Amino acid sequence: MSTEETAPVAHSNFIHEIIDSDNVSGKFGGRVHTRFPPEPNGYLHIGHAKSICLNFGTARKYGGKCNLRFDDTNPTKEDVEYVDSIQEDVRWLGFNWDGLYYASDYFEQIYQFAEQLIQKGLAYVDSSTLEEIRSQRGTLTEPGQNSRFRDRPVAESLDLFRRMRAGEFQDGAHVLRAKIDMAHPNMNMRDPLLYRIRHAEHHRTGNTWCIYPLYDFTHGYSDSIEGITHSICTLEFENHRPLYDWLIDVLDLYHPQQIEFARLNLTHTMMSKRKLLELVETGTVSGWDDPRMPTIAGIRRRGYTPSAMRAFCDEIGVTKFNSLNDVVVLENAVRSDLNKTAPRAMAVLKPLKIVLTNYPEGQVEDLEAINNPEDPAAGTRQVPFSKVLYIEQDDFMENPPKQFFRLAPGREVRLRWGYLITCQEAVKDPATGEVIELRCTYDPETRGGNAPDGRKVKSTIHWVSAEHAITAEVRLYDHLFEIANVADIPDGDDWKSHLNPKSLVVVPKAKLERSLATAVPGYKCQFERLGYFCVDKDSQPQAIVFNRTVTLKDEWAKIQKKGG
RNA sequence: UGCCCGAUAGUGUAACGGUAGCACAACAGAUUUUGGUUCUGUUUGUCCAGGUUCGAAUCCUGGUCGGGCAACCA
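Quick caveat: nothing in here was measured; it's all calculated off a predicted structure.

**Brief notes about helix H4 (residues 107-119)**
In step 1: For H4, spanning 13 residues, the distance from its first C-alpha to its last is 18 Å, which sits close to the expected 18 Å at 1.5 Å a residue.
In step 2: Buried residues of H4: Phe107, Ile110, Tyr111, Phe113, Ala114, Glu115, Leu117 and Ile118, and no others.

Here it is as structure tokens:
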């Protein structure tokens, strides 16, 4: 277990306190061995990232081990495709597992445990129908009733169970159940089902089995077999812990400790695998790795870094409180990471042409630009400057309010790494009245951006040379949902009506500085004053595509919002 | 109507019987060739009611509110 790079020691949490006290008492002989146990039935999302960081991070903190174990007990839902994507995602997050296991590795052992339970009179084959079992389970407030097969002789159960394995019965004909207490206040203890018949091909065991153990019967035994010390899972399994403990104790096996924590919830998105699948299947998003998706694949394609993800998971903490984390914390994590590492470049999303009337026709200058003010080692580059440039439409206002510092008629601003320019005239489309071009003058004495007379300008804006710019597609992403808390959507409401219609805005013809022409998929940089962007996998050498990972903080946008 | 779990600034999270702190957000200022970054400061909090104690966010009791549980899913 290791990470690709050294990271600051993670914050402590209640689980680490439990481990500390176990290490003091010697409960596990000072060992720490965790596991991340996904079911290979879908793509991992950022909620899984929290669990991955917790499990692998805990092992790292204590010098212990962490296994990756696929919980593959339901052949009808699982697929090897997901096994591969899960491994890729875990590695991308920067973790390497100590053991790679599958619950299906233990099918024979678990089967033997089942026989032992039957022989001890602690499990029986129930030949009731699904409906009977359901109706006899009772309710939250009423006890259930014993199955008429509950007191079937041990020999008979054993015989039936072996014949279940041998494939003599159809799906649903029998199940194996634990014999605990049908009146138990915890529903999970009311003779829980242990095995069901499924004549289905398993992605690993093929047709070897036609009976498959259920989660509760599999998970604790898998933990026990692997010598897991702390079996960390989410809160909804809290009610399963008595069963977890019971199953291990009645067979007198090595007993890991299950500990539950609250799963991640994030504003403006959701973690429901079923609903995410619906977005994929209806074409609402382009796929599981659509950059708007909260999947690890989507977040990766969006341009997030593994270290930002780890920092986020550390920042939000681990508790048993069912919380809703603000997505701005995630955004802040990637900003602070990329701020230190991402080279800067200039790109204009909504071009406004400006002509420098006093700049020599045909002249081109290479100006030196600093690649990353946060990282001197990133060096400098040359950017071409000429008579006709593009600036951002948002950086000009004909009648600016008091707080607007940028370009306006008669006003001087600095072109980043370029010259000080003054706007002399705004040329309008006579038909629409829209400003389509600016006539400006430049001060030849201000090359690089400083005036010899020491005069100051209030604003520095970005630009590209029209002649030298490359044209590229830029995809601007925003929150998937307009509503902050998807849990607030009332039952019966069409949840899709709360999707953000502007979650993707495509800019087909953005103007990028020349140096970006060779950027390859995965390349991350900051477009100065706009945000962090990365080259999408759809990108082609002559048709570059950038994704916006996250905007920069924007004081002016905030002022506008208040004023508006 | 049963059982289990939880509750600390706007959000998230520390404090483990002894000064309620941190991050993000918000607000104000400084710096700045990105209205970015960085730095400084400010505002805002222990769900309620009792009890134990010299002293309670912390321990106890009772409430309130929130979450989970009745798949041959995990």
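**A closer look at the protein's contact with RNA strand B**
In step 1: In the vicinity of RNA strand B lie 67 residues, with Glu17, Thr73, Arg344, Arg406 and Gly448 positioned nearest.
In step 2: Each atom of RNA strand B within 4 Å of the protein was classed as base or backbone; sugar and phosphate made up 61%.
In step 3: Contact distances for RNA strand B include 2.7 Å between a phosphate oxygen and a side-chain N or O atom of Arg198.
In step 4: Taking Thr319, its side chain carries an N or O atom lying 2.8 Å from a phosphate oxygen of RNA strand B.
In step 5: At five residues, helix H13 (residues 555-563) tops the list of elements feeding residues into the surface near RNA strand B.

**What about the pairing of strand E12 (residues 351-356)?**
In step 1: Taken together, the five bridges between E12 and strand E15 (residues 388-392) define a ladder with antiparallel strand orientation. Bridge pairing in E15 links Ile354 to Leu389.

**Examining helix H11 (residues 306-316)**
Every α-helical turn comprises 3.6 residues, leaving residues that sit three or four positions apart pointing alike.
In step 1: Judged by how many residues are buried, H11 sits mostly within the fold: eight of 11 residues are covered.
In step 2: For H11, the complete set of buried residues consists of Pro306, Ser307, Ala308, Met309, Arg310, Phe312, Cys313 and Ile316.
In step 3: Where H11 is buried, its residues contact helix H2 (46-61), helix H3 (80-92), helix H10 (296-302) and helix H12 (327-341).

**Here's the deal with the layout of surface pockets**
In step 1: Looking at the second largest pocket, its volume works out to about 1100 Å³.
In step 2: Looking at the second largest pocket, it is lined by 37 residues, and the ones nearest its centre are Arg529, Leu530, Thr551, Leu552 and Asp554.
In step 3: Residue assignment for the lining of the second largest pocket shows that the elements contributing at least two residues are H12, strand E19 (460-461), strand E21 (470-477), strand E22 (504-512), strand E25 (545-551) and H13.
In step 4: Residues of the lining of the second largest pocket, tallied by class, amount to 14 nonpolar, six polar and 17 charged.

**Let's talk about the packing of H4 against helix H6 (residues 154-166)**
In step 1: Between H4 and H6, the shortest axis-to-axis distance is 9 Å and the interhelical angle comes to 160°. Between H4 and H6, the interaxial angle falls into the category roughly antiparallel. Regarding H4 and H6, the two cross each other, and that crossing is right-handed. Contacts between H4 and H6 involve Glu108, Tyr111, Ala114, Glu115, Ile118 and Gln119 from the former and Val154, Ser157, Leu158, Phe161, Arg162 and Arg165 from the latter.

Cut-offs used in this document
- Residues numbered from 1 in each chain as written.
- Chains lettered and ligands numbered in written order.
- Predicted model: local features only at pLDDT ≥ 70, side-chain atom pairs only at ≥ 80, totals over all residues.
- Heavy atoms only, no water.
- Helix = DSSP H or I, 4+ residues; strand = E, 2+ residues; numbered from the N terminus.
- Expected span 1.5 Å × (residues − 1).
- Buried < 20%, exposed > 50% of the residue type's maximum accessible area, 1.4 Å probe, protein only.
- Near = heavy atom within 4 Å.
- Polar contact = N/O pair within 3.5 Å; in protein donor to acceptor, adjacent residues only side chain to side chain.
- Pairing = 2+ DSSP bridges.
- Contact = heavy atoms within 4.5 Å.
- 1 Å grid on protein atoms, 1.4 Å probe; cavity = no way out; pocket = protein on both sides within 12 Å on 5 of 7 lines; lining within 4 Å.
- Points joined across faces, edges and corners; volume = space filled by probe spheres on them.
- Nonpolar A, V, L, I, M, F, W, Y, C, P; charged D, E, K, R; others polar.
- Axes fitted to C-alpha atoms, helices over the stretch in contact; angles between N-to-C directions.
- Parallel < 35°, antiparallel > 145°, perpendicular 65-115°, else oblique.
- Left-handed = near helix turned anticlockwise from the far one by under 90°.

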